[in-house]
Amino acid sequence: MASATAGADEAPAPRSRKSVTGTRRSVAALFLLPALVLLGALVVYPIGYSVVRSFYDQSGDGFAGIDNYKELFSDDGIRTALKNNIIWVVFAPTVTTALGLIFAVLTERVRWGTAFKLVVFMPMAISMLAAGIIFRLVYDQDPDKGVANAVWVGVHDTFAQSSAFPKAHPGRESPLVVRGGGFVTRQTVHTGETVTLPLVGVAPDRMPDGARKAVAPTADPGKITGTTWQDFTRGKGVGTLGAPDPTELGYPGMRIEAVKDGKVVASATAAGDGTFTLPAKADGAQLRLPASNFKEPYNGLDWLGPSLVTPAIIGSYIWMWAGFAMVLIAAGLAGVPRELLEAARVDGATEWQVFRRVTVPLLAPVLAVVAVTLMINVLKIFDLVFIIAPGSSQDDANVLALELYRKGFSEDQPGVASAIAVFLLLLVIPVMWFNIRRLRREVRR
């Protein structure tokens, strides 16, 4: 009886716990061990080593204290990189998230929305290296090569046509002299006279399409007639200097002004054969070919110059990541209760009010995920800046990740490079912590 009672009082032997999937902890730990080893070797150890290395001098033998961290705020290159990183963090995630939201909302209303999403998301399949090469060509200064300047120059020339004669200038024994960026006749002109205004300097293949064989002017009583043309005569036996020859072309579209006492009293535009006619009120005036005839063709913006290189690179980043933002936001939008939107419309809300007061608040968690993810991403941006920014403006486009590379590999300052790496980690941690807290809060709900 006593033995039975004693046996009854004995607690059952503990059994090893299992997870909800039925896997023992020991087995789970065994499977996780390779991943933990790799995590320690590839993440934990490098972080620890970088922290320790940041407190040593460049040789690694002497303890430098916080000297390397002081240099973060005294070195001009690092300060420029920090300033550019702030610009990246403020603008790139904001614009990318906003575009993703707009695309996600609008593509819901069109039948070809799926095709549009596919096209916008496609840049995500391109590596940063390839995207950098693409945009290095897009931003090329030459409008014949760079798409950005080809479009910009096309729009500019629609409203302000560039000159066809930027290199034209008076030749030998010319009746013209230089004045105010243009050219003026040495003598005054009078009605009934003919005037010749020969120029040189325009390559034959650069002549406008409307240029025709130059014609000598014919006198007209009560008017002033003349010709302006490409007088490329090079010597005796080749042609007549100062007179149109059969092989010479007129300057179509050349503007001629009659100037008296500093005021323009009449003007004319040369025809395809270079001829022009001025009225009688030009009598006694000097003829002027204004500087507008000779301005250099507009070549667009210097996209990769010091002032625009950072916005230009941010533009390429937005092109790549707008599709990522759109897809995530579209997935969140698909879960928005449609009855709430319809109720708002029934209550008299406009589409803008529905979007601003209902859609955006309901999508706030998704928008936060996208924005925070992009913030972490841009803090580490390196590839696009390294590839797109030319050597002449790379200092102006510098970011912390690029400066870390330069300090560590080009300038042989591993202590400073380690300090930059630790500083970048400290910048990323708060953003990651915010994201983890937000995700946990969502799970509890």
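Here's what I pulled together on the structure shown here. What you are looking at is a predicted structure, and each value in this text was computed from that prediction instead of being measured. (Residues numbered from 1 in each chain as written. Predicted model: local features only at pLDDT ≥ 70, side-chain atom pairs only at ≥ 80, totals over all residues. Heavy atoms only, no water.)

### Notes on the pattern of salt bridges
Following the criterion strictly, the structure yields 11 salt bridges and no others. We note a salt bridge from E351 to R345, for which the minimum N-O separation is 2.8 Å. On the basis of relative accessible area, R345 is assigned to the partly exposed category, the value being 27%. Counted as one network, the salt bridges with shared partners bring together D75, E403, K407 and E411. (Salt bridge = Lys/Arg side-chain N within 4 Å of Asp/Glu carboxyl O. Buried < 20%, exposed > 50% of the residue type's maximum accessible area, 1.4 Å probe, protein only.)

### Some points on the packing of aromatic side chains
For any pair of aromatic rings, the description rests on two quantities: the centre-to-centre distance and the angle between the ring planes. Applying the stated rule across the entire model yields 21 aromatic pairs. Judged by centre distance (6.1 Å) and plane angle (85°), the ring pair of W152 and W303 falls under edge-to-face. Here the residue W152 occupies a position in helix α7 (residues 147-159), and W303 occupies one in the loop between β8 (286-289) and α8 (309-334), the gap between them amounting to 151 residues. Look at F165 and Y251: their rings are 4.7 Å apart centre to centre, the planes differ by 55°, and that puts the pair in the tilted class. Remark: Y251 occurs in the loop between β4 (224-230) and β5 (255-260) and F165 occurs in the loop between α7 and β1 (176-179); sequence separation between them is 86 residues. The burial state of F165 is the same as that of Y251; both residues are buried. Taken together, the ring pairs in this structure connect F135, Y139, W152, W303 and W319 into an aromatic cluster. (Phe/Tyr/Trp six-rings, centres within 6.5 Å; stacked < 30°, edge-to-face > 60°. Helix = DSSP H or I, 4+ residues; strand = E, 2+ residues; numbered from the N terminus.)

### Some thoughts on the pairing of β1
Of the strand pairs in this sheet, β1 and strand β2 (residues 182-185) are connected by four bridges, and their pairing is antiparallel. Bridge pairing in β2 links V178 to F183. If you look at the hairpin formed by β1 and β2, you'll find two residues sitting between the two strands, and G180 has a positive phi there, around 60°. (Pairing = 2+ DSSP bridges.)

### A look at the environment of T373
Tracing the sequence through the fold places T373 in helix α11 (residues 364-379). Judged by its relative accessible area of 28%, T373 falls in the partly exposed class. For the pair T373 and P93, spaced 280 residues apart in sequence, the C-alpha to C-alpha distance is 8.5 Å.

### Observations regarding unusual backbone geometry
The phi dihedral of E173 is positive, around 50°, even though this residue is not glycine. The residue E173 is located in the loop between α7 and β1 in this model. Residue E173 is classed as exposed on the basis of its relative accessible area, which comes to 72%. One non-glycine residue, D412, lies in the positive phi region at around 50°. In this structure, D412 sits in the loop between α13 (400-410) and α14 (414-444). Residue classification places D412 among the exposed residues on the basis of a relative accessible area of 57%.

### What to know about the sheet that holds strand β7 (residues 275-278)
Spatially, the three strands line up as an open sheet ordered β3-β4-β7, and their pairing is mixed. The sheet terminates laterally at β3 (194-199) and β7, the two strands that pair on one side only. Neighbour to neighbour, the strand axes of the sheet diverge by 20° on average, direction disregarded. Judged from the four bridges that link them, β4 and β7 form a sheet pairing that is antiparallel. By the bridge assignment, I224 is partnered in β7 with L278. (Axes fitted to C-alpha atoms, helices over the stretch in contact; angles between N-to-C directions.)

### Observations regarding the environment of M254
Within the element layout of this structure, M254 appears in the loop between β4 and β5. Overall, the relative accessible area of 0% leaves M254 in the buried class. Note: C-alpha distance between M254 and N293 (39 residues apart in sequence) is 6.3 Å. The residues touching M254, leaving out its near neighbours within four places in the chain, are F165, L199, T228, A268, T269, A270, L289, N293 and F294. (Contact = heavy atoms within 4.5 Å.)

### Quick look at α11
With 16 residues, α11 should cover 22 Å at 1.5 Å per step; its first-to-last C-alpha distance of 22 Å lies within 8% of that length. All of the buried residues along α11 are L367, A368, V370, A371, V372, L374, I376, V378 and L379. (Expected span 1.5 Å × (residues − 1).)

### A word on a nonpolar patch on the surface
Side chains of L32, L36, L38, L39, L42, V43, V44, I47, V51, L425, L426 and I429 sit close together on the surface and give an oily, nonpolar patch of about 1000 Å² of accessible area. Counting only elements with at least two residues in the nonpolar patch, the list comes to α2 (25-53) and α14. If you trace the backbone, V51 turns up in helix α2. Relative accessible area serves as the criterion here: at 30%, V51 is assigned to the partly exposed category. (Patch = residues over 30% accessible without salt bridge, like charges linked within 9 Å, V, L, I, M, F, W, Y side chains within 5 Å. Areas by Shrake-Rupley, 256 points an atom, 1.4 Å probe, with all protein chains shown as cover.)

### A word on the packing of helix α4 (residues 76-107) against α13
Helix-helix packing is described using two parameters, namely the angle between the two axes and the distance between the axes. At their nearest, the axes of α4 and α13 sit 8 Å apart, and the two run at 155° to each other. With respect to α13, the element α4 is oriented roughly antiparallel. Residue-level inspection shows G77, I78, A81, L82 and N85 of α4 in contact with α13, the latter providing L400, E403 and K407. When grouped by side-chain class, the residues that make up the contact of α4 with α13 number four nonpolar, two polar and two charged. (Parallel < 35°, antiparallel > 145°, perpendicular 65-115°, else oblique. Nonpolar A, V, L, I, M, F, W, Y, C, P; charged D, E, K, R; others polar.)

### Some details on the nonpolar core
In this structure, W88, Y139, I313, Y317 and L384 are the most contacted members of the largest nonpolar core, which totals 47 residues. Counting only elements with at least two residues in this core, the list comes to α4, α6 (128-138), α8, α9 (338-346), α10 (351-362), α11 and α12 (383-388). For this core, the element with the highest residue contribution is α8, accounting for 14 residues. Within the second largest apolar cluster, 26 residues are counted, among which are L176, V189, A268 and F294. (Core = buried A, V, L, I, M, F, W, Y, C linked by side-chain atoms within 4.5 Å.)

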